[in-house]
Amino acid sequence: QVQLVESGGGLVQAEGSLRLSCAASGSDFSLNDMAWYRQIPGKERDLVARITNRGITNYADSVKGRFTISRDDAKSMVYLQMNNLKPEDTAVYYCHATVPMIADYTYDYWGQGTQVTVSS
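Now for a quick tour of the structure. (Residues numbered from 1 in each chain as written. Predicted model: local features only at pLDDT ≥ 70, side-chain atom pairs only at ≥ 80, totals over all residues. Heavy atoms only, no water.)

Judged by how many residues are buried, strand S8 (residues 77–82) sits mostly within the fold: five of six residues are covered. Here strand S3 (residues 18–25) pairs with S8 via six bridges, running antiparallel. The residue of S8 that forms the bridge with Leu20 is Leu80. Sheet topology note: the strand S7 (residues 67–72)/S8 ladder contains six bridges and is antiparallel. Looking across to S8, one finds that Ile69 is bridged to Leu80. (Buried < 20%, exposed > 50% of the residue type's maximum accessible area, 1.4 Å probe, protein only. Helix = DSSP H or I, 4+ residues; strand = E, 2+ residues; numbered from the N terminus. Pairing = 2+ DSSP bridges.)

As structure tokens, this is what we get:
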């Protein structure tokens with residue numbers, strides 16, 4: 001069983017910054033592909049940023065140049081540095097892990113979410 005716990009959310013003014021953290025346990029973290037998603041109530045959960053176990057990253061167009069995803073395998077942590085925040089970034093942010101298993105099977109895990117609110 002994999003457990004993901006997010007932290008670092010809060011209330012910030014537009015153009016401000018936050019860094020989200022996700023602590024993972026219950027698996028060999030270095031093998032996991034990690035990602036951040038966000039969701040507004042009543043809307044779908046959308047990918048924000050992803051980082052593979054090889055360190056390859058990709059970002060949603062809406063956050064390119066502003067957000068940076070990173071990982072520290074020694075600490076089993078993944079981070080999302082968010083700069084130049086906009087009111088449109090307001091959402092619950094979720095940490096996500098894709099965990100490899102036997103016979104090339106993978107399983108998805110989600111954190112509990114952390115609220116990010118950006119005031120105009």
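The next point concerns the nonpolar core. Within the largest apolar cluster, 29 residues are counted, with the highest numbers of intra-cluster contacts made by Leu4, Trp36, Val78, Leu80, Met82 and Tyr93. Mapped onto this core, the elements with two or more residues apiece are S3, strand S4 (33–39), strand S5 (45–51), S7, S8, strand S9 (91–100) and strand S11 (114–119). Ranked by the residues each element gives to this core, the list is headed by S9, at five residues. If sequence neighbours within four positions are ignored, Leu80 has contacts with Leu18, Arg19, Leu20, Trp36, Val48, Ala49, Phe67, Thr68, Ile69 and Tyr93. (Core = buried A, V, L, I, M, F, W, Y, C linked by side-chain atoms within 4.5 Å. Contact = heavy atoms within 4.5 Å.)

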